[in-house]
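Structural overview for review
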Amino acid sequence: MSNAQASTGENDIAFMAFLLYHHIVVHVPSSHPSRSRSSPLFVALQGPQGSGKTVVTECLRTLLTDNTNEQYGPFNVATLSIDDLYLPHAQLKALASAHPENPLLQGRGHPGTHDIALGLSLLRSLKEINRSPTNNLRIPRFDKSLVDGEGDRLPESEWTLIHGPIDIVLLEGWCVGFHPQSLQYIEQRINEAPSGLDGMFDCSAYSLEHILDVNQRLAEYVKWWDLFDICAQISPPGLSPYMPIYKWRLQQEHEMKAKNNGQGMTDEQVKLFVDRYIPGYHFFGASIVAGGYDEQTGLRLSPPWMKDEDEIRLQEIARCLRVNIDGNRRVKGVEYGRR
């Protein structure tokens, strides 16, 4: 990737949204998809827990739909969270019961706990919404507060109704863009401590078999990613990329407990909660740009936003943007899509 000029201290959500906004609008055709009956621009947004991606998405949606912007928009936008594509509670429990030895499948979160068929059907319908005679769709909703915090999918009558035509589809999530890896790569990484967590993270809690199980399930997600056009990533500091996640998630819990008379997780429970996600970042995080490997076919997997044709594109229209932030969520710089 190539470095761009760093920010001089703008750390707020609005600045991150501003950067992502300009990354997106240069890729929307001048004849908006909603007018030309072409497919919407599909945008993948990845960022770790607590990095601000959900709030950034809300701010970004406001910018994109602003009807006072004469240079670009306004755009018709559909936003989705990968969290809303979790399996229903009963299926999550069945998955956990079928694999009691794998802590990564005990509850929602990791690849394997999402409804691949539902997500693929939804994304394909959104791809065709501007050409469909019935251009209304319902977006699933998953309520994490149900079933004592284990969460469950809401009835379809409570799903979010969206109306076409649509210019931009934005999917955000912590593992958006993750690709499966080769056995050789996973065997190498399992012997390496996650960067910056020496003595803090217990690697022995997760065996090679646990990781390979998730890796195999992750292969199904490539069908989702192949529908996307561009990608944006909110990335923590390079030398200790995981440490801020603990800090951010703890801040979120403290803020929530301050508003609800102290109900929530203890600090130790928050640490254990984040621990469970670290293997995902450690084994698959780099694949958003680097791509992955299909063990069945023996072929390399290249993300659609990093296809070879991008090598001849100018930086200004590169299809992958990384926003680098520090531990206080201040923007430190941006990088454009190059391996």
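Residues numbered from 1 in each chain as written. Predicted model: local features only at pLDDT ≥ 70, side-chain atom pairs only at ≥ 80, totals over all residues. Heavy atoms only, no water.

**A short note on the overall build of the protein**
The line we're drawing: The helix count covers DSSP runs of H or I at least four residues long, the strand count covers runs of E at least two residues long, and both are numbered beginning at the N terminus. Radius of gyration here uses only the C-alpha atoms, and the compact-globule reference equals 2.2 Å multiplied by the residue count raised to the power 0.38. Partly exposed residues are those whose accessible area sits between 20% and 50% of the maximum for their type, while under 20% is buried and over 50% is exposed, using a 1.4 Å probe and protein chains only.
A count of helical and extended segments in the protein gives 12 helices and 13 strands. On C-alpha atoms alone, the protein measures out to a radius of gyration of 20 Å, which is about the 20 Å that the 2.2 N^0.38 rule sets for 339 residues. Principal axes of the C-alpha set define a box for the protein whose edges measure 55 × 50 × 45 Å. Here the protein holds 339 residues, and the buried ones make up 50% of them.

**Let's talk about helix α9 (residues 243-259)**
What counts, and what does not: Helix span is expected to be 1.5 Å times the residue number reduced by one.
Here α9 spans 25 Å end to end across 17 residues, near enough to the 24 Å set by a 1.5 Å rise per residue. In the stretch just after α9, Asn 261 is the one whose phi turns positive, near 60°.

**Some thoughts on the environment of Leu 123**
What counts, and what does not: Working rule for contacts: check all heavy atoms of both residues, and any pair within 4.5 Å makes them a contact.
On the secondary structure map, Leu 123 appears in helix α5 (residues 116-127). The class for Leu 123 is buried, based on a relative accessible area of 1%. Separated by 156 residues in sequence, Leu 123 and Pro 279 place their C-alpha atoms 27 Å apart. Beyond its immediate chain neighbours, meaning those up to four positions away, Leu 123 contacts Phe 42, Trp 224, Leu 227 and Phe 228.

**Some remarks on unusual backbone geometry**
Cis geometry is found at the peptide bond from Gly 164 to Pro 165, where omega equals 0°. Look at Asp 148: it is not a glycine, yet its phi comes out positive at around 55°. Position of Asp 148 relative to the elements: it lies in the loop between β5 (142-143) and β6 (152-153). In this structure Asp 148 comes out as exposed when scored by relative accessible area, which is 83%.

**A word on the environment of Leu 87**
Looking at the secondary structure, you find Leu 87 in the loop between β3 (77-81) and α4 (89-98). For the pair formed by Leu 87 and Gly 151, sequence separation is 64 residues and the distance between their alpha carbons is 9.7 Å. Here Leu 87 is in contact with Leu 92, Gly 112, Thr 113, His 114, Asp 115, Phe 142 and Arg 153, once residues within four sequence places are set aside.

**Brief notes about the pattern of salt bridges**
Any two side chains of opposite charge can pair, on the condition that their charged atoms come close. Put simply, the test is: Only one rule defines a salt bridge in this text: a Lys or Arg side-chain nitrogen within 4 Å of an Asp or Glu carboxyl oxygen.
Tallying each qualifying case throughout the model produces 11 salt bridges. Asp 115 is paired through a salt bridge with Arg 153; the nearest N and O atoms lie 3.0 Å apart. Here Asp 115 is found in the loop between α4 and α5, whereas its partner Arg 153 is found in strand β6, with 38 residues between them in sequence. For the residue pair Asp 115 and Arg 153, the accessibility class agrees, reading buried in each case.

**Remarks on the packing of aromatic side chains**
Selection criterion: Pairs were defined over the aromatic rings of Phe, Tyr and Trp, the Trp ring being its six-membered one, requiring ring centres within 6.5 Å. Orientation was assigned from the angle between planes: stacked under 30 degrees, edge-to-face over 60, tilted for the rest. Only when the NZ atom of a Lys or the CZ atom of an Arg is both within 6 Å of the ring centre and within 35 degrees of the ring normal do we say a charge sits over the ring.
For the structure shown, the criterion picks out 13 aromatic pairs. With centroids separated by 4.9 Å and ring planes inclined at 85°, the aromatic side chains of Trp 174 and Tyr 277 adopt a geometry described as edge-to-face. Within this pair, whereas Trp 174 is found in the loop between β8 (168-173) and α6 (183-189), its partner Tyr 277 is found in the loop between α10 (267-275) and α11 (278-284), the two being separated by 103 residues in sequence. Given the relative accessible area of 4%, Trp 174 is considered buried. Taking the centre distance of 5.3 Å and the plane angle of 50° together, the rings of Phe 273 and Tyr 277 count as tilted. Put simply, the rings of Trp 174, Phe 178, Tyr 242, Phe 273, Tyr 277 and Tyr 281 touch in pairs and so form one group of aromatic residues. Directly above the ring of Phe 273 sits Arg 249, whose terminal nitrogen or CZ lies 5.0 Å from the centroid. Taking NZ or CZ as reference, Arg 276 lies 5.9 Å from the ring centre of Tyr 277, over its face.

**Observations regarding the environment of Lys 271**
Among the secondary structure elements, Lys 271 is positioned in helix α10. Here the alpha-carbon distance between Lys 271 and Arg 249, two residues 22 residues apart in the chain, equals 8.6 Å. Those residues in contact with Lys 271, other than ones at most four positions away along the chain, are Met 200 and Tyr 246.

**Things to note about the side chain of His 89**
As for its position among the elements, His 89 is in helix α4. Ignoring any residue separated from it by four or fewer positions in sequence, one finds His 89 in contact with Val 147, Glu 150, Gly 151 and Asp 152.

**Some details on the nonpolar core**
Where we set the bar: Nine residue types can take part in a nonpolar core, namely buried Ala, Val, Leu, Ile, Met, Phe, Trp, Tyr and Cys, and a core is a set of them joined through side-chain atoms within 4.5 Å.
Leu 126, Trp 224 and Trp 305 are the most contacted members of the largest nonpolar core, which totals 53 residues. Ranked by residues supplied to this core, first place goes to α5 with 5 residues. In this structure, Phe 15, Tyr 21, Leu 64 and Ile 168 belong to the second largest nonpolar core, which totals 28 residues.

**Regarding the side chain of Ser 287**
If you trace the backbone, Ser 287 turns up in helix α12 (residues 287-290). Ser 287 has contacts with Gly 177, Phe 178, His 179, Gln 181 and Pro 303, leaving out every residue within four places of it along the chain.

**Regarding the pairing of strand β4 (residues 136-139)**
Looking down a regular strand, the side chains alternate between one sheet face and the other. As a reminder of what qualifies: A pair of strands is treated as paired once DSSP finds two or more bridges between them.
Where burial is concerned, the two faces of β4 differ: the one with Leu 137 and Ile 139 is buried and the one with Asn 136 and Arg 138 is not. With 4 bridges joining them, β4 and strand β7 (residues 160-163) adopt antiparallel strand pairing. Across the sheet, Asn 136 pairs through a bridge with His 163, a residue of β7.

**A closer look at the confidence of the model for the protein**
Rule in force here: For every residue, the predictor assigns a confidence score, pLDDT, that lies between 0 and 100.
Taken residue by residue, the protein gives an average pLDDT of 89. The fraction at 70 or more is 93%. A low-confidence stretch, residues 1-10 stays under pLDDT 50, and its non-local contacts, those more than four residues away or across chains, total 27 contacts. Note on residues 309-316: pLDDT is under 50 here. Beyond four places in sequence and across chains, it has 13 contacts.

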